[in-house]
There are 2 protein chains.
Amino acid sequence: MTEMMKQIALASRPNGAPTPENFRLEELPIPTPGEGEVLVRVHYMSLDPYMRGRMDDSKSYAANIPVDGKMEGGSVGEIIASNADGFEVGEFVMGGFGWATHAAVPATGLAKVDPKTAPITYSLGVMGMPGFTGWLGLTEFGRPKSGETLVVAAATGPVGSMVGQVAKSMGLRVVGIAGGPDKCKMAVEQFGFDECLDHYAYDTASALRKDLKAACPKGIDIYFENVGGKVLEAVLPLMNLHGRIPICGMIAWYNGTSEVDNGLSGQQIWRHILVSSLSVNGFIISNFWNRLGDFHKAVGPMIAKGDIAVQEDITEGLENAPDAFIKLLTGGNTGKAMVKVI
Amino acid sequence: MTEMMKQIALASRPNGAPTPENFRLEELPIPTPGEGEVLVRVHYMSLDPYMRGRMDDSKSYAANIPVDGKMEGGSVGEIIASNADGFEVGEFVMGGFGWATHAAVPATGLAKVDPKTAPITYSLGVMGMPGFTGWLGLTEFGRPKSGETLVVAAATGPVGSMVGQVAKSMGLRVVGIAGGPDKCKMAVEQFGFDECLDHYAYDTASALRKDLKAACPKGIDIYFENVGGKVLEAVLPLMNLHGRIPICGMIAWYNGTSEVDNGLSGQQIWRHILVSSLSVNGFIISNFWNRLGDFHKAVGPMIAKGDIAVQEDITEGLENAPDAFIKLLTGGNTGKAMVKVI
């Protein structure tokens, strides 16, 4: 009898926020690994905001998922069959296995994960792409200096919490923005932020700006941009001369509805960049994999010592991935979102 | 009999484009220089787009001119009385003398100008603030590399022509944008641009973009931003991965009318910065005076050898400064705009 696996395909492109109808659960035979390939049984699958962009057909920094194609994403799993030298059955590896229970993939490009040094889920979050994104954006484009003030949104997420904790360790004042009082409490108590503002408590960018100004009495030197929308509009006028804005994403705008664009014109943005001599840098973490070793060297010991707190939000079962992803895009998760597939 | 001088004051704040009624010609007694001051008889006065911003009361990178206050600006003139050590009658100096025939100012902060090494007008243009702006923005924030492609608007202006000529000398492909066929011819023949597009020939940003794309077959690596508006909208989607955009100004938006904002949203700008990993840097040249010596060392010999062409647009008479300034803001000048005051 053929053994079957499950995967989730893109059934249709979303119009605005994705709905369950945009996804389709499929069963198909477990593939056999070809020459140089391994067969992986996925244990945990990552859910990340960037996946929303792949569901569209507009130009982005990576190829889009075709309709009826498998949803893409990073996962960690165990090798259950190997046709590649140096990769043994029973080893754990991280790679782009997609939204699936199994994948046969070329062994080149897989990263081995040692389950004895850290929980394997760390390879998807704090030690993986999101943590690396936060560390690289902060250190490379934020150019933090002790005594400065940093603001980051999605403060309890895997990017924001890394940014905030590394910035704190470098002597900055760190102000977070998060959705709801529970996340704000977590940002301060668990992640050590100096203050955290609940963006749900503000109807307008100007109301949020007023409290941000009080929380940042010396202005804002670094705004780590991972959300866009209302937070950006609140922050821009508070930026200090020669402030820095690394941009790794803008989840508030991913669903592409006009209401979240709230009137910040191109002219206003351009004018702020000029008037405050800002340095704004977009970056795509996949162009910086050669720096991953630097990240692990810098942050690994901090994680091992417990100086970097970790928060994970794990959903059980591949079939629940679409709902968990839809929730992620509206901030319904708390901490690094992933799906336990096995 | 008291000797009289003339100056031009801000009579009222403009609403959109300035009109002659926003200016007032005044007569007043020539002042006596105080301790440590010199009295300067202005010969040439600079007209620059940034002055438009000083006429508003909105936040900018420098203090605004109060209503009834003297219009500000850089000028070059001759010392006709000195109360400061080391500054002799007959010497030429450059400084912020405003729109005026005379000024008594502290000698500290004045730059001496040697009329024997170059025409004194060069201190306001090619060797002064505009030329320095072009050189610094290009070399510091543009990070040019041989073989890359650069686009700059206002190609025959003192900033754009410096940017284009220095970039050409570094081995870049240089495409200019200018207003009208005569300026485009000048950009290519006099300043050595590879191509120059006439922005008046395009009704929409997308039409301009089509021809820009043909003129930049390898995409755009550096867009030196000195105009904003339609050109920015045309350029952004053509930027290459890791492109750089130094921003020194945006004259198209200075008059603040909504029609020139032409629908480029903050979200679109932010998305382009992210998707193409752009590096966008605003800068105000007055924060970089410590680099002026580097500029003179790099570009002075090129000017002396005739490798940098110079184009000046000189209006006679202080009383004609308002009209010349209004013309400058709509691109009616050709080359560095200044007023011959004496």
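The numbers attached to residues start from 1 for each chain and follow its sequence in the written order. The naming scheme follows written order: chains are lettered A onward, ligands numbered 1 onward. Residue-level local features of this predicted model are given only where pLDDT is at least 70; pairs of side-chain atoms are given and counted only at 80 or more, and the full residue set underlies all totals for whole chains, interfaces and linings. Working from all heavy atoms in the structure, the side-chain values ignore hydrogens and water.

A.B. asks: Account for the overall build of chain A, with residues named and values stated.
C.D. replies: When its secondary structure is counted, chain A shows 10 helices and 15 strands. All radius of gyration figures rest on C-alpha atoms, and the globule criterion is 2.2 Å times the number of residues raised to 0.38. The C-alpha radius of gyration of chain A comes to 20 Å, within 12% of the 20 Å expected for a compact globule of 342 residues. Viewed in the frame of its principal axes, chain A has a C-alpha envelope of about 65 × 45 × 35 Å. Taken across its 342 residues, chain A has 56% of its residues classed as buried. By sequence separation, contacts in chain A at least 24 residues apart represent 68% of the contacts at least 6 residues apart. On chain A, roughly 13,700 Å² of surface is accessible, and the fraction owed to carbon and sulfur atoms is 52%. Charged-residue counts in this description rest on Lys and Arg as positive and Asp and Glu as negative, His and the chain ends being excluded. Charged side chains are reduced to one point each, which is NZ for Lys, CZ for Arg, CG for Asp and CD for Glu. Once the 29 positive and 37 negative side-chain charges of chain A are each reduced to a mean point, those two points are 8 Å apart. Secondary structure elements are defined from DSSP: runs of H or I of at least 4 residues count as helices, runs of E of at least 2 residues count as strands, and each element is numbered from the N terminus. The buried label goes to any residue with under 20% of its type's maximum accessible area, the exposed label to any with over 50%, and the partly exposed label to all in between, with areas taken from a 1.4 Å probe on protein chains only. Every residue pair with non-hydrogen atoms within 4.5 Å of one another is taken to be in contact. Here, Shrake-Rupley sampling with a 1.4 Å probe gives the accessible areas, and only protein chains in the shown set may cover a residue.

A.B. asks: Describe the packing of helix 2 (residues 129-142) of chain A against helix 3 (residues 158-169) of chain A, with residues and values.
C.D. replies: All names here are of chain A. Close contact between helix 2 and helix 3 brings their axes to 7 Å; oriented N to C, the two are set at 45°. Regarding the angle of helix 2 to helix 3, the classification is oblique. As for the relative orientation of helix 2 and helix 3, their crossing is right-handed in sense. Facing P130, G131, T133, G134, W135 and L138 of helix 2, the residues of helix 3 in contact are P158, V159, M162, V163, V166 and A167. All residues other than Ala, Val, Leu, Ile, Met, Phe, Trp, Tyr, Cys, Pro, Asp, Glu, Lys and Arg, Gly among them, are scored as polar; the first ten of these are nonpolar and the last four charged. Looking at side-chain class alone, the contact of helix 2 with helix 3 contains 9 nonpolar, 3 polar and no charged residues. Convention adopted: a line fitted to C-alpha atoms gives each axis, helices being fitted over their contacting stretch, and angles between N-to-C directions are expressed from 0 to 180 degrees. Roughly parallel covers angles under 35 degrees, roughly antiparallel covers those over 145, roughly perpendicular covers 65 to 115, and oblique covers all other angles. Crossing handedness: left-handed means the near helix sits turned counterclockwise from the far one by under a right angle, and right-handed means the same turn made clockwise.

A.B. asks: Describe in detail the interface of chain A and chain B, supporting the description with residues and values.
C.D. replies: Where interface size is given, it is often the accessible area lost as the parts come together that is meant. If you look at the interface, chain A gives 37 residues, while chain B gives 37 residues. The term buried area denotes the loss of accessible surface (1.4 Å probe radius) that occurs when two parts are joined, taken as the sum for both partners. In total, chain A and chain B occlude about 3,300 Å² of area from one another, counting both sides; carbon and sulfur atoms represent 61% of this. Identification of polar contacts relies on pairs of N or O atoms within 3.5 Å, with a donor-acceptor requirement for protein atoms, meaning one able to donate a hydrogen and the other able to accept it, and with residues adjacent in sequence counted only if both atoms are side-chain atoms. The tally of links between chain A and chain B comes to 7 residue pairs in polar contact (both at pLDDT 80 or more). Those elements that place two or more of their residues in the side of chain A that touches chain B are strand 12 (239-247), helix 7 (251-254), helix 8 (266-275) and strand 13 (279-282) of chain A. Of all the elements, helix 8 of chain A adds the most residues to the side of chain A that touches chain B, at 8 residues. A per-class count over the side of chain A that touches chain B returns 20 nonpolar, 13 polar and 4 charged.

A.B. asks: A description of the relation of the copies chain A and chain B should follow, citing residues and the corresponding values.
C.D. replies: The transform that puts chain A on chain B rotates by 180° and translates by 0.0 Å along the axis, for an RMSD of 0.1 Å. What the rotation and shift describe, once combined, is the action of a two-fold rotation axis. Considering only C-alpha atoms, the part of chain A nearest the rotation axis is G266(A), at 2.1 Å. Interface overlap between copies is the fraction of interface residues in one copy that are interface residues in the other; for chain A against chain B it reaches 100%, indicating a shared surface. Here the copies are matched by least squares. The fit uses the C-alpha atoms of residues with pLDDT of at least 70 in both.

A.B. asks: So what's going on with the pairing of strand 1 (residues 4-10) of chain B? Residues and values would help.
C.D. replies: All names here are of chain B. Counting buried positions over the 7 residues of strand 1 gives 5, a clear majority of the element. Between any two strands, pairing holds if DSSP finds at least two bridges. With 7 bridges joining them, strand 1 and strand 2 (residues 23-29) adopt antiparallel strand pairing. Bridge pairing links M4 to P29 in strand 2.

A.B. asks: Explain the pattern of salt bridges to me, and be specific about the residues and the numbers.
C.D. replies: All names here are of chain B. Here, a salt bridge means any Lys or Arg side-chain nitrogen found within 4 Å of an Asp or Glu carboxyl oxygen. Evaluation of the coordinates by the stated rule reveals 28 salt bridges over all chains. In this structure, D307 and K305 form a salt bridge, with 3.4 Å as the shortest nitrogen-oxygen distance. The partly exposed category is assigned to D307, whose relative accessible area is 43%.

A.B. asks: Which residues make up helix 9 (residues 292-304) of chain A, and what values do they have?
C.D. replies: Residues and elements named next belong to chain A. Expected helix span is taken as 1.5 Å per residue step, with the number of steps being one fewer than the number of residues. With 13 residues, helix 9 extends 17 Å between its outermost C-alpha atoms, agreeing within 8% with the 18 Å of an ideal straight helix rising 1.5 Å per residue. If you look at helix 9, its biggest bend is around 30°, right at A298, and the proline P301 turns up within four residues after that. Among the residues of helix 9, those classed as buried are F295, V299, G300, M302 and I303. Lining the buried residues of helix 9 we find helix 2 and helix 3. Axes are fitted to the seven residues ending at a residue and to the seven starting at it; the angle between these axes is taken as the bend at that residue.

A.B. asks: Outline helix 9 (residues 292-304) of chain B, listing residues and values.
C.D. replies: Given 3.6 residues per helical turn, the α-helix brings residues three or four places apart onto the same face. Among the structural elements, helix 2 (129-142) and helix 3 (158-169) of chain B are those in contact with the buried residues of helix 9 of chain B. In the segment just after helix 9 of chain B, G306(B) is the residue with positive phi, at about 85°.

A.B. asks: So what's going on with the domain arrangement of chain A? Which residues, and what values?
C.D. replies: All names here are of chain A. Domain annotation of chain A identifies domain 1 (4-126 + 310-340) and domain 2 (129-285). Here the limits of each domain have been adopted from an automatic or database domain assignment. Each of domain 1 and domain 2 has a C-alpha centre, and the two are 28 Å apart. Facing the 23 residues of domain 1 at the interface are 16 residues of domain 2. Carbon and sulfur atoms supply 57% of the area buried between domain 1 and domain 2, which totals about 1,500 Å² over both sides. Between the two partners, domain 1 and domain 2, sit 0 salt bridges.

A.B. asks: Go over the sheet that holds strand 9 (residues 173-178) of chain A with me, naming the residues and quoting the values.
C.D. replies: One open sheet holds the 12 strands; their spatial order is 10(A)-9(A)-8(A)-11(A)-12(A)-13(A)-13(B)-12(B)-11(B)-8(B)-9(B)-10(B), and the pairing between them is mixed. Sheet topology places strand 10 (195-198) of chain A together with strand 10 (195-198) of chain B at the edges, where each strand pairs with a single neighbour. Between one strand axis and the next, the sheet turns through 15° on average, direction left out of account. Taken together, the 2 bridges between strand 11 (residues 220-224) of chain A and strand 12 of chain A define a ladder with parallel strand orientation. Its bridge partner being in strand 12 of chain A, I220(A) is matched across the sheet by M239(A). Together, strand 8 (149-153), strand 11 (220-224), strand 12 (239-247) and strand 13 (279-282) of chain B form the strand contacts of helix 2 of chain B, whose direction differs from that of strand 11 of chain B by roughly 145°.

A.B. asks: Got a sec to walk through the packing of helix 2 of chain A against helix 9 of chain A? Specific residues and values, please.
C.D. replies: All names here are of chain A. Relative orientation of the contacting elements helix 2 and helix 9 amounts to 90°, with a least axis distance of 10 Å. In terms of orientation, helix 2 lies roughly perpendicular with respect to helix 9. For the pair formed by helix 2 and helix 9, the contact residues are G131, F132 and W135 on the first element and L292, D294, F295, A298 and V299 on the second. Taken together, the residues that form the contact of helix 2 with helix 9 break down as 6 nonpolar, 1 polar and 1 charged.

A.B. asks: Before we move on, could you go through unusual backbone geometry and cite the residues and values that matter?
C.D. replies: Residues and elements named next belong to chain A. The phi angle at D68 is positive, at roughly 80°, despite the residue not being glycine. Position of D68 relative to the elements: it lies in the loop between helix 1 (50-54) and strand 4 (75-82). Since its relative accessible area comes to 47%, D68 is described here as partly exposed.

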